[in-house]
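# Examining the three-dimensional arrangement
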Amino acid sequence: MDEPVEIKKLDEAVINRIAAGEIIQRPANALKEMIENSLDAKSTNIQITVKNGGLKLLQIQDNGTGIRKEDFVIVCERFTTSKLREFDDLQSIATYGFRGEALASISHIAHLSITSKTCSEICAYKANFVDGKLQGAPLPTAGNQGTIITVEDLFFNMSVRKKALRSPAEEYQKISEVVGKYAVHNSKVGFALRKSTANNDIRTPPDSNHVENIRIVYGNSIARELVEFEVENELLRFKAEGHMTNVNYSSKKFIFLLFINHRLVDCQNLKKCIDQVYSTYLPKNGHPFVYLSLELDPVNVDVNVHPTKHEVHFLNEEQIVEALCAALETKLLKSNNSRVFYTQAKLPGVQVETLPLKDSDNTPNKVNPKDLVRTDASEQKIEKFFGTPVEKGKSSTSSSKSRQSQGMSASLISKVTKGDTELTSVLELRKSVEKSCHRVLRDVFAQHVFVGVIDVSQALIQYSTKLFLCNTKKILYELLYQFVLYNFHNFGLISFSKPLPIYELALQGLDLPEVGWTPEDGDKKELAQKITEILTEKGEMLNEYFSMNISEEGQLSSLPLLLDSYTPDISGLPVYVLRLATEVNWESEKECFDSFAKETALYYSQMSEDSAWEGNDWKWITEHVVYAAIKEYFIPPKKFIDNVAILEIASLPNLYKVFERC
Ligand code: ADP
Ligand code: MG
């Protein structure tokens, strides 16, 4: 029989490394700790740089209080902290870090250096750390107020861990989730995250707000459907506030940002319960977006439960979860029930009442048979009654005049709904779109069922028990205008197989009778030359912001893709070029973007019966592209009530009244 193997105490460094690996399981954990440190240090600006998913480099720079030069000696030792003095302090701790373990851990499994400057020092100091120990005296160096922590070669001495990690892309994804969530919660602090090789992937301005940051990080399709909530419960001693999507929004994945006492945590019980609430209202397998900041009496939270401080438990968890979810459900129902509608019929001869979607309380109404209508879009459409139905993919003669044959081909690149921009002018324009939103009409559009086309500029939709006549052209114009603003800087391309000379386009435009050129306007060739110069000079800007590629030689090679599967009518291009040069205000930034968006929307919204996309004709495009986008994204302006872009032409209860009399 073999002798038993002698038991030996592990080497100190190995023990520390194992312990560190418990705390820092992946780059995103390390980053979370460092972000919390920066927030604890009262930073208002935090910049993160990442190389190779954080495995090669993870750097965070803040403008906080900094670390005192004298403290460099112990800052990376285990259990050194400026935040906790006694065990009991744990109960009322207001800062994020509390164990003094993060930096120590990182220094055991990565190459760590710190550069920091406090307000009382005239320069910054820099030092390297190995296994918790400072290497040599901190050296004076140039640096701004605040701290830069550089973590290189994370897990370099833990090959098993390194192998267990997924791809750098996946690690980067986790990092970006962490940054996005902190950016939303700490909206007064500016965050920037970038891969060292690319531009900023997340960038939120300082002094922003939650909704704006949700827009920046998660996109407008979420931001525009948010319901704000605030719940306070004295009995259970909790306070919750945040934003959740209404029932118009539904996604395959539940995006849940949970902060308990300002710490990013997981709480499976709470998550499940909220998802349950939504499951009643969302389509099957649909989930919401919820940002929830929960404040509990610190005495009742056990933040000390898990080394990564992730999954949190608290006293009275079950009751609090239940009470909170009930309050959220009430709020959710209210947001979709209390509506006042005041559109007035403008069609002569059609008797229409104002939409009486009054504020109703939450008691579910008994449904009268007269209120029951078909709302399944997949059922038969009105066109069934008019002759041959239009089938998807079946090209009619008119659509055979395809884009390709006109030298136009849309290249891949799908629409990005997350136009991340910092330009105040664009933000202001977006804001005024949102401010003028007619909320009830928005619900009508967001929840409509498409009934059928009447012609290229009119269609019928149904909402609730009412039928509406829509001016597709007017609606499409507004929708495209919004797309230009919201996808600013972020467009896909419609690229031409052969660049088109602007000069020729302008000449063609001037020849068109509707342009109304007269000899007083000047020589056509000179005008065309001028137009080419104006647009070529703005080429760089147009390319960067609007994906409109104009070469120095005045050749146009691409247009922005505003809406997937939708290309503007090429025959309108000459007029568009003329109008861009003459109608856009190139002098002031905001007016420039506004007028550019208007001109572009005007051109793109001119659908004709020749419009086609990959063999699908205008009818198909109207239903499956235009109205589908209207349903998902449209913010209807209040002016629609006056300019008859949408008209109620029948309501089922009224029709019943008529039939009853017969
Ligand atoms: P903890 O945050 O639990 O105190 P850490 O290991 O995360 O432990 O940090 C140790 C100490 O280093 C902190 O208590 C703080 O004094 C200092 N520190 C770390 N990062 C920063 C920073 N970005 N700005 C200022 N001080 C910092
Ligand atoms: Mg910390």
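First, a word on what this report is: a plain description of the structure on this page. (Residues numbered from 1 in each chain as written. Chains lettered and ligands numbered in written order. Predicted model: local features only at pLDDT ≥ 70, side-chain atom pairs only at ≥ 80, totals over all residues. Heavy atoms only, no water.)

Taken together, Glu228, Glu230, Glu232, Glu234, Glu241 and Glu295 make up a surface patch of like negative charges. The biggest single contributor to the negative patch is strand E9 (residues 226-233), with three residues. By secondary structure assignment, the location of glutamate 228 is in strand E9. Residue glutamate 228 is classed as exposed on the basis of its relative accessible area of 54%. (Patch = residues over 30% accessible without salt bridge, like charges linked within 9 Å, V, L, I, M, F, W, Y side chains within 5 Å. Areas by Shrake-Rupley, 256 points an atom, 1.4 Å probe, with all protein chains shown as cover. Salt bridge = Lys/Arg side-chain N within 4 Å of Asp/Glu carboxyl O. Lys, Arg positive; Asp, Glu negative; His and termini not counted. Charge placed at Lys NZ, Arg CZ, Asp CG, Glu CD. Helix = DSSP H or I, 4+ residues; strand = E, 2+ residues; numbered from the N terminus. Buried < 20%, exposed > 50% of the residue type's maximum accessible area, 1.4 Å probe, protein only.)

What follows concerns the packing of aromatic side chains. Scanning the model with the defined rule gives 19 aromatic pairs in all. Here tyrosine 545 and phenylalanine 593 contribute two aromatic rings whose centre-to-centre distance is 5.6 Å and whose plane-to-plane angle is 85°, an arrangement assigned as edge-to-face. Taken as a pair, tyrosine 545 in helix H16 (residues 539-546) and phenylalanine 593 in helix H18 (residues 589-604) lie far apart in primary sequence, 48 residues in all. The pair tyrosine 545 / phenylalanine 593 is uniform in exposure class, with both members buried. Each ring, one from tyrosine 576 and one from tyrosine 603, has its centre 4.6 Å from the other, and the planes form 25°; the classification is stacked. With tyrosine 576 in helix H17 (residues 573-583) and tyrosine 603 in helix H18, the pair connects residues that are 27 residues apart, well separated along the chain. Accessibility assignment for this pair places tyrosine 576 and tyrosine 603 in one class, buried. An aromatic cluster is present here, built from Phe488, Phe491, Tyr545, Phe546, Phe593 and Phe596 joined pairwise through their rings. Sitting over the ring of tryptophan 517, lysine 524 keeps its end group 4.5 Å from the ring centre. (Phe/Tyr/Trp six-rings, centres within 6.5 Å; stacked < 30°, edge-to-face > 60°. Lys NZ or Arg CZ within 6 Å of the ring centre and 35° of its normal.)

Once that is clear, we can look at helix H7 (residues 210-218). For H7, the buried fraction is high: seven of the nine residues fall into the buried class. Taken as a whole, H7 has its buried residues at Glu212, Asn213, Ile214, Arg215, Ile216, Val217 and Tyr218. Put simply, asparagine 209 is the residue that caps the front of H7, since its side-chain oxygen is 3.2 Å from the backbone nitrogen of valine 211. Just beyond H7, the residue with positive phi is glycine 219, at close to 100°. (Polar contact = N/O pair within 3.5 Å; in protein donor to acceptor, adjacent residues only side chain to side chain.)

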